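# What the coordinates show
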Amino acid sequence: MADASIPDKPALEGLESKWDAAWREQGTYLFDRDAAKARGRAGVYSIDTPPPTASGSLHIGHVFSFTHTDVKARFERMRGKSVFYPMGWDDNGLPTERRVQNYYGVRCDPSLPYDADFEPPFHGDAKSLKPADQVPISRRNFIELCETLTEEDEKQFESLFRQLGLSVDWTQTYRTISDETIRTSQLAFLRNLERGEAYQALAPTLWDIDFRSAIAQAELEDREQQASYHEVAFHKTDGSGDVHIQTTRPELLAACVALVANPDDERYKPLFGTTVRTPLFDVEVPILAHPLAQQDKGSGIAMICTFGDVTDIIWWRELQLPNRTILGKDGRILADAPDAITTDAAKAAYAEIAGKTVFSAKKRIVELLEESGDLGSVSKPFSHPVKFFEKGDRPLEIVSTRQWYLRNGARDEDLRDKLISLGRGMDWHPDFMRVRYENWTNGLTGDWLVSRQRFFGVPIPLWYALDENGDRDYDRVLTPDLASLPIDPTTDVPTGYSEEQRGVPGGFDAEKDIFDTWATSSLTPQLAGGWQRDDELWNLVAPFDVRPQGQDIIRTWLFSTMVRSVLEDGRAPWSDAAISGFIVDPDRKKMSKSKGNVVTPADILDKHGTDAVRYWSASSRLGADAAFDPQNPTQVKIGRRLAIKVLNAAKFVLSFPVPEGAEVTHALDAAMLATLDGVVRDATKAFESYDHARALEITESFFWTFCDDYLELVKERAYDRGDVGQASAALALRLALSTLLRLLAPVLAFATEEAWSWFEEGSIHTAGWPEPLELAGDPNVLTAVSAALVGIRRAKTEAKASQKTPVAHVTIAGPADVIAAIRLAEGDLKAVGRIADVSYAEADELAVSDIELVPQEA
């Protein structure tokens, strides 16, 4: 669009829609496979883009982190790389299911038949409905609603990302619930299973009783909850007295399998190896030693129950204790007492709590202990951390369930060491984020639980043979032919069986669980890069160049992707990891939906303009938290001012014609361009090292010097075609404008494109990145003259005189080299300062003095 009409009053309004349409029509950001093949892998820059959860709305944090990625993508594209920049949508998972429930007022009941004519009762906010009032629908109906709503959300997300100016190739888009994604996810799992990296086990499982699903370690968060210590008496089996423990969970007394104390605790050393009997339930349990028992916690001796918390699991496993689970998947006490409870009185006590919630069971057990005389003191309530599912509302319980796991290094030292080694071989931006990855990897206590008891997700592609009694034979897992993927085992049939054999003795039964959403999202490089689908593309983009993401999902997304890559290819999935910080509110609190302080970006973008918001995002370094005050977004306003100045400065510079054959001959012009060469070198180095904030800071600082000082100094010479230095000034201005627009283009995507179109062909975003011009010039000239100009301006301001006031005389003092530099541009300084006479003196530092202003006529 070169030679496009320059508007009389350049404005930011409307640039987003104008240039998004142009980029879309021209295919500006499409991945050019032919060019990539010609350049080879070294000529490609591939991005493993975060797929945002397509449930609800985007928040300001998305704008923040996605801008960081886009700035780097634009830089690499201008450096001549073929940029592979896909976009994914994370559709499946618990957040989507909950959004569908709250939006349509429904809940899934897999026992119900499909209703082809079903219409949901709500099409909006149904949050106020209680779960019991939600309309039960079949699994297929529920999944259809999930797909409908996520598709609508994705359209809104894409619209906002286009407004944000993300240079994504929108033809390279994937969904985590599409047929192609399901195929890839199922294929990767079956290969894990074949190699022995996936396995099934009946084990204690962290369980969310609301979602009715297992929860992985990576999805946990601690929340402070109120509790009280209850002192409970256990009776020594030899009749010699009682042992008093303190517990916050007396309701699990029927699940007690041992007492435990620290091996160094002198109080309990004589009791190790002896037994006691539980109050109310009269079960004999041993007293054991384990180093995890805390001497200063409670009475120093604790009961081990199956299971009260994660430590119970460790004790149970390492001390090889029996499993006496009493809690069901619905969060209520099971109807049948453990086999160890045998006496009539004990069974009667258990019947008092059977079927109750843990809260009601606790209340009743405390009453029974009071009646039996086995309850001692009860402490005042105190606050302590309790495990929650990060998206859940009630504390997690631990129940024994059969689940699928992937090996992740928790119990495999060689795998763990390889994960650590590959992490150290990557470049982390900032580097300290690597420590979080290592701490997580070294702190794992169990393999990765990948199965979920939910509905909307990737089906686990397995069946089980049924024995003659119709029970699952877990040693006879039936797998599909890989060529048949994707499959849904609840509707598809394994090889060698017919549909009539489903659920009957000697037949088969489908695995009804789905994969954890991270089990699919951990394959984003494979999903976007064509793994096992498009070998040519995969070889061009993998391993990817960068994984950009938030710091809070290092333990989930980054780690899980590393695990899948190591298991499949034995390598890291990327060379670099770029980790953005958090967005915090004015009180420095992290923004989150649970805190109610999240800012949605649409209004901010509409009010201030995209370039202003991109400037705010790019002003923050990777890993650094950024404060955002929607009432007074200072950095956004500064960004808007910069973007407007870019348009106005471009218009001004382009008003000076450049004569044919013009050369840079003037000392000040050469000095400016030499200074700009340093900016190009430093900004380029910063962009290369993922320090976009430094690159912006360097460029912006020079830009304001260019506008406030250099432009002022040369504008009269540039106007005057009779001046021998006019051609030099006009050419230098044009060269500087071209360079500055390209330096700012990764951040101010719209303003720079608009200004570029006024005098150049094609998009600035596919133009070459600026290189130093290497013209002979002394940067000190611009520095010295600018400093002298500032001194003269300040003097006029202090005298309360207009900057247009003529100066009869001024003395400029400074070191000899500074004075020599100023003399080289004395003509420009005199012109802009309206100075008639200048004298010079030597001094240690630059100073402007003896200013004689010409009196203004009244």
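Everything numeric in this text was worked out from a predicted model, so none of it was measured.

Definitions and limits used
Residues numbered from 1 in each chain as written. Predicted model: local features only at pLDDT ≥ 70, side-chain atom pairs only at ≥ 80, totals over all residues. Heavy atoms only, no water. Helix = DSSP H or I, 4+ residues; strand = E, 2+ residues; numbered from the N terminus. Buried < 20%, exposed > 50% of the residue type's maximum accessible area, 1.4 Å probe, protein only. Contact = heavy atoms within 4.5 Å. Areas by Shrake-Rupley, 256 points an atom, 1.4 Å probe, with all protein chains shown as cover. Lys, Arg positive; Asp, Glu negative; His and termini not counted. Charge placed at Lys NZ, Arg CZ, Asp CG, Glu CD. Pairing = 2+ DSSP bridges. Phe/Tyr/Trp six-rings, centres within 6.5 Å; stacked < 30°, edge-to-face > 60°. Lys NZ or Arg CZ within 6 Å of the ring centre and 35° of its normal. Core = buried A, V, L, I, M, F, W, Y, C linked by side-chain atoms within 4.5 Å. Axes fitted to C-alpha atoms, helices over the stretch in contact; angles between N-to-C directions. Parallel < 35°, antiparallel > 145°, perpendicular 65-115°, else oblique. Left-handed = near helix turned anticlockwise from the far one by under 90°. Nonpolar A, V, L, I, M, F, W, Y, C, P; charged D, E, K, R; others polar. Expected span 1.5 Å × (residues − 1). Salt bridge = Lys/Arg side-chain N within 4 Å of Asp/Glu carboxyl O. Disulfide = S-S within 2.5 Å.

### Describing the overall build of the protein chain
Along the backbone of the protein chain there are 25 helices and 32 strands. Residue burial in the protein chain is summarised as follows: out of 858 residues, 53% are buried. For the protein chain, contacts bridging at least 24 residues in sequence account for 78% of all contacts bridging at least 6. Accessible surface, the protein chain: about 36,400 Å² in total, of which carbon and sulfur atoms supply 47%. Averaging the positions of the 94 positive and the 133 negative side-chain charges in the protein chain gives two centres separated by 2 Å.

### Focus on the pairing of strand S14 (residues 284–289)
Where strand S12 (residues 256–261) and S14 come together, three bridges link them in parallel fashion. Considered in S14, the bridge of Leu259 is made with Ile287. Bridge count between strand S13 (residues 275–277) and S14: three bridges; the pairing is antiparallel. Within the sheet, the bridge partner assigned to Thr275 lies in S14 and is Pro286. Between S13 and S14, which follow one another and run antiparallel, lie six residues, and Leu280 among them has a positive phi close to 70°.

### Focus on the packing of aromatic side chains
Going through the model one piece at a time under the given rule, you end up with 32 aromatic pairs. The interplanar angle of 25° and the centroid separation of 5.8 Å between the aromatic rings of Phe706 and Tyr710 together place this pair among those described as stacked. With Phe706 and Tyr710 both in helix H20 (residues 692–719) and four residues apart, the pair spans about one turn of that helix. Members of the aromatic cluster, connected to one another through ring pairs, are Phe66, Trp89, Phe157, Phe161 and Trp170. Against the face of Trp23 rests Arg74, its NZ or CZ located 5.3 Å from the ring centre.

### Quick look at the nonpolar core
By size, the foremost hydrophobic cluster in this structure holds 85 residues, and its most contacted members are Leu668, Met672, Phe703, Phe706, Tyr710, Leu733 and Leu829. The leading source of residues in this core is H20, at 13 residues. With near-sequence residues (within four places) excluded, Leu829 lies in contact with Leu713, Val785, Ala788, Leu789, Ile792, Ile812, Ile822 and Ile835. Formed by 62 residues, the second largest nonpolar core is a distinct cluster that contains Val450, Val458, Ile460 and Leu540.

### Points about the sheet that holds strand S24 (residues 508–510)
Across the sheet, which stays open at both edges, the three strands sit in the order S23-S22-S24 with antiparallel pairing between neighbours. The outermost strands of the open sheet, each flanked by one partner alone, are strand S23 (472–478) and S24. Across the sheet, the axes of successive neighbouring strands diverge by a mean angle of 40°, strand direction being ignored.

### Section: the packing of helix H18 (residues 634–654) against helix H21 (residues 726–744)
At their nearest, the axes of H18 and H21 sit 10 Å apart, and the two run at 155° to each other. The angle between H18 and H21 places the two elements in the roughly antiparallel class. Read as a crossing pair, H18 and H21 show a hand that is left-handed. Facing H18, whose interface residues are Val646, Ala650, Val653 and Leu654, H21 presents Leu733, Arg734, Leu737, Leu741 and Leu744. Each residue belonging to the contact of H18 with H21 can be placed in one class, and the counts come to eight nonpolar, no polar and one charged.

### Structural notes on helix H5 (residues 139–163)
The first and last C-alpha atoms of H5 sit 36 Å apart over 25 residues, in line with the 36 Å expected at 1.5 Å per residue. Looking at the residues trailing H5, positive phi occurs at Gly165, about 80°.

### Some remarks on the pairing of strand S11 (residues 242–247)
On S11, burial follows the alternation: Val243, Ile245 and Thr247 on one face are buried, whereas Asp242, His244 and Gln246 on the facing-out side are not. Between strand S10 (residues 230–236) and S11, which pair antiparallel one after the other, the connecting turn spans five residues, and Gly239 there sits at a positive phi close to 80°.

### Looking at the sheet that holds strand S26 (residues 544–550)
Here we have three strands laid out as an open sheet, ordered S19-S27-S26, and parallel in their pairing. In this open sheet, the two edge strands, each paired with only one partner strand, are strand S19 (427–429) and S26. Between one strand axis and the next, the sheet turns through 15° on average, direction left out of account. Where S26 and strand S27 (residues 574–580) come together, six bridges link them in parallel fashion. Looking at S27, one finds that Pro548 is bridged to Ala578.

### Here we look at helix H3 (residues 60–78)
Between the first and last C-alpha of H3 there are 27 Å, a value that for 19 residues agrees with the 27 Å anticipated at 1.5 Å per step. Among the 19 residues in H3, 18 count as buried, and that is most of the element. Looking at the residues trailing H3, positive phi occurs at Gly80, about 100°.

### Re the pattern of salt bridges
Between side chains of opposite charge, a pair can form as their charged atoms come close. Under the counting rule described, the total for this entry stands at 57 salt bridges. The partner of Glu154 in a salt bridge is Arg175, with the nearest N and O atoms 3.1 Å apart. With a gap of 21 residues between them, Glu154 in helix H5 and Arg175 in strand S6 (residues 173–175) connect regions that are remote in the sequence. The exposure classification of Glu154 matches that of Arg175, with both residues buried. When the shortest N-O distance is used, the salt bridge between Arg502 and Glu499 registers 2.7 Å. Shared partners join several salt bridges into a network, and the residues in it are Arg33, Asp34, Lys37, Asp534 and Glu536.

### Description of the packing of H3 against helix H17 (residues 610–618)
Packing of H3 against H17 leaves a shortest axis separation of 9 Å and a crossing angle of 85°. When the axes of H3 and H17 are compared, the pair comes out roughly perpendicular. Contacts between H3 and H17 pair Ile60, Val63, Phe64, Thr67, His68, Asp70, Val71 and Arg74 from the former with Val613, Arg614, Trp616, Ser617 and Ala618 from the latter. Of the residues assigned to the contact of H3 with H17, the class counts are seven nonpolar, three polar and three charged.

### With respect to the side chain of Ser299
Tracing the chain through its elements places Ser299 in the loop between S14 and strand S15 (301–305). Exposure remark for Ser299: the relative accessible area of 15% places this residue in the buried category. If we skip the residues at most four places from it in the chain, Ser299 touches His244, Ile245, Gln246, Arg267 and Tyr268.

### Comments concerning unusual backbone geometry
Omega for the peptide link from Thr306 to Phe307 comes to 0°, which places this bond in the cis form. Relative to the elements of secondary structure, Phe307 occurs in the loop between S15 and helix H7 (310–318). His429 connects to Pro430 through a cis peptide bond whose omega is -5°. Within the fold, Pro430 resides in the loop between S19 and helix H11 (433–442).

### Digging into the state of the cysteines
Tallied over the entire structure, the rule returns zero disulfides. Take Cys108: it sits in no disulfide, and the sulfur closest to it among the cysteines is that of Cys146, at 8.3 Å. When its relative accessible area of 12% is taken as the criterion, Cys108 is described as buried. Cys305 forms no disulfide, and the closest cysteine sulfur to it belongs to Cys256, at a distance of 4.9 Å.

### Re the environment of Trp574
Mapped onto the elements, Trp574 comes out in strand S27. The exposure class of Trp574 is buried, given its relative accessible area of 3%. Note: C-alpha distance between Trp574 and Ala542 (32 residues apart in sequence) is 7.6 Å. If we skip the residues at most four places from it in the chain, Trp574 touches Asp48, Met426, Pro525, Pro543, Phe544, Asp545, Val546, Arg547, Leu558, Thr561 and Met562.

### Quick notes on the environment of Ala787
Along the chain, Ala787 turns up in helix H23 (residues 779–798). Owing to a relative accessible area of 32%, Ala787 belongs among the partly exposed residues under this scheme.

### Quick look at the environment of Asp691
Along the chain, Asp691 falls in the loop between helix H19 (667–688) and H20. C-alpha of Asp691 to C-alpha of Phe142: the two residues are 549 residues apart in sequence and 45 Å apart in space. For Asp691, the contacting residues outside a window of four places in its chain are Arg621 and Ala686.

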